[in-house]
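Secondary and tertiary structure notes
Given next are the chains, with one letter for each unit.
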Amino acid sequence: MARAPSAARFEALYRACYQDLLGYALRRVERPEAAADVVADTFLVAWRRIDEIPDEQARPWLFGVARNVLANHQRADRRRADLGARLRRELADATAIEPAVPPEIAHAFRGLPEGDQEVLRLVAWEGLTAEDLAVTLGCSVNAARIRLHRARRRFAEALRSPSLTSRSRSHRD
């Protein structure tokens, strides 16, 4: 089966210009993965606009696209860095306030699987309903209710464990 002319043209451009565009990007960014992103985005634009690429000027056209893509990446990096700096300033004095919990309960909670801990935190600390929990976990409401029920059951079992009950009795004596 013959390939469509635009696919064959794109492949030819890719083979002819990939290394040159990668070198261009590598000389202008700090991280190799950022250069790979620039080249990938450049070829994405080329694929979408394959019919607009001038036959005799394809290579310089791709460099023009790469230049614009690189500028967009740099602007995004600056915005991300500025946002990170602003958030660090705003959150410098923020502290997470965890509820005061007796040591026996904290010990039993820490013994649960991480998934159970997160489900219980979302409901108890963040005040999520089963419907909210389903959205947060990306599952059905029924599945969220089942996960919550099982987490609560395991937590209750952990609270009744012999090591915990004997420890709490010794604290009271």
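The notes below deal with the structure included here. (Residues numbered from 1 in each chain as written. Predicted model: local features only at pLDDT ≥ 70, side-chain atom pairs only at ≥ 80, totals over all residues. Heavy atoms only, no water.)

Re the overall build of the chain
What counts, and what does not: Strands here are runs of E lasting at least two residues and helices are runs of H or I lasting at least four, both read from the DSSP assignment and numbered beginning at the N terminus. Computation of the radius of gyration draws on C-alpha atoms alone. For the globule rule, the value is 2.2 Å times the number of residues to the power 0.38. To sort residues, take the accessible area from a 1.4 Å probe on protein chains only and compare it with the maximum for the residue type: under 20% means buried, over 50% means exposed, and anything in between is partly exposed. Residue contacts are counted whenever heavy atoms from the two residues lie within 4.5 Å of one another. Each accessible area value is a Shrake-Rupley result obtained with a 1.4 Å probe; residue values ignore everything except the protein chains displayed when judging cover. Only four residue types enter the tally: Lys and Arg on the positive side, Asp and Glu on the negative side, with His and both chain ends excluded. By convention, the point assigned to a charge is CZ for Arg, NZ for Lys, CD for Glu and CG for Asp.
Along the backbone of the chain there are eight helices and zero strands. Tracing the chain from N to C terminus, the helices and strands come up as α-α-α-α-α-α-α-α. For the chain, whose C-alpha radius of gyration is 28 Å, the value lies well above the compact-globule estimate of 16 Å for 173 residues. Reported as C-alpha extents along the three principal axes, the dimensions of the chain are approximately 90 × 50 × 25 Å. Every one of the 173 residues in the chain was classed for burial, and the buried ones make up 28%. Taking the intrachain contacts of the chain between residues at least 6 apart in sequence as the baseline, contacts between residues at least 24 apart amount to 57%. Accessible surface, the chain as shown: approximately 12,200 Å² in total, 53% of it carbon and sulfur. In the chain, the 29 positive side-chain charges and the 24 negative ones have mean positions that sit 2 Å from each other.

Details of the layout of surface pockets
The cut-off we apply is this: Buriedness of a pocket was judged along seven lines, with at least five required to meet protein on both sides within 12 Å; pockets are open sets of points on a 1 Å grid over the protein atoms alone, cavities are sets where a 1.4 Å probe fits but cannot get out, and lining residues have an atom within 4 Å of a point. Grid points are joined across faces, edges and corners, and a volume is the space filled by probe spheres set on the points. Three classes are used, and their members are as follows: Ala, Val, Leu, Ile, Met, Phe, Trp, Tyr, Cys and Pro are nonpolar, Asp, Glu, Lys and Arg are charged, and the others, Gly among them, are polar.
Reported here for the largest pocket is a volume of approximately 290 Å³. As for the largest pocket, its lining consists of 13 residues, of which Val-101, Ile-105, Ala-106, Phe-109 and Trp-125 are closest to the centre. Within the residue set of the lining of the largest pocket, elements represented by two or more residues are α4 (103–110) and α5 (114–124). Class assignment of the residues belonging to the lining of the largest pocket gives a composition of nine nonpolar, one polar and three charged.

Quick notes on the pattern of salt bridges
Put simply, the rule reads: The salt bridge criterion pairs a side-chain nitrogen of Lys or Arg with a carboxyl oxygen of Asp or Glu, the two atoms within 4 Å.
Counting across every chain of the model gives twelve salt bridges. Put simply, Glu-33 and Arg-31 hold a salt bridge, and the shortest N to O gap is 3.0 Å. For Glu-118, the salt bridge is made with Arg-121, and the minimal N-O distance between the two is 3.4 Å. Here Glu-118 and its partner Arg-121 are both found in helix α5, three residues apart, which amounts to about one turn of the helix. A network of salt bridges, in which partner residues are shared, links Glu-114, Glu-118 and Arg-121.

Brief notes about the nonpolar core
Stated precisely, the cut-off is as follows: Only buried Ala, Val, Leu, Ile, Met, Phe, Trp, Tyr and Cys residues count toward a nonpolar core, and they belong to the same one when joined by side-chain atoms within 4.5 Å.
Core analysis: the largest hydrophobic core is formed by 22 residues, its most contacted members being Leu-21, Phe-43, Ala-46, Ile-53 and Leu-62. Those elements that provide at least two residues to this core are α1 (5–26), α2 (32–48) and α3 (58–91). In terms of residue count, the dominant contributor to this core is α3 (eight residues). With sequence-adjacent residues up to four places away left out, Ile-53 is seen in contact with Arg-9, Leu-13, Ala-46, Ala-58 and Trp-61.

With respect to the environment of Ala-35
Its location among the elements puts Ala-35 in helix α2. Other than its neighbours up to four places away in sequence, Ala-35 contacts Leu-22, Ala-25, Leu-26 and Val-29.

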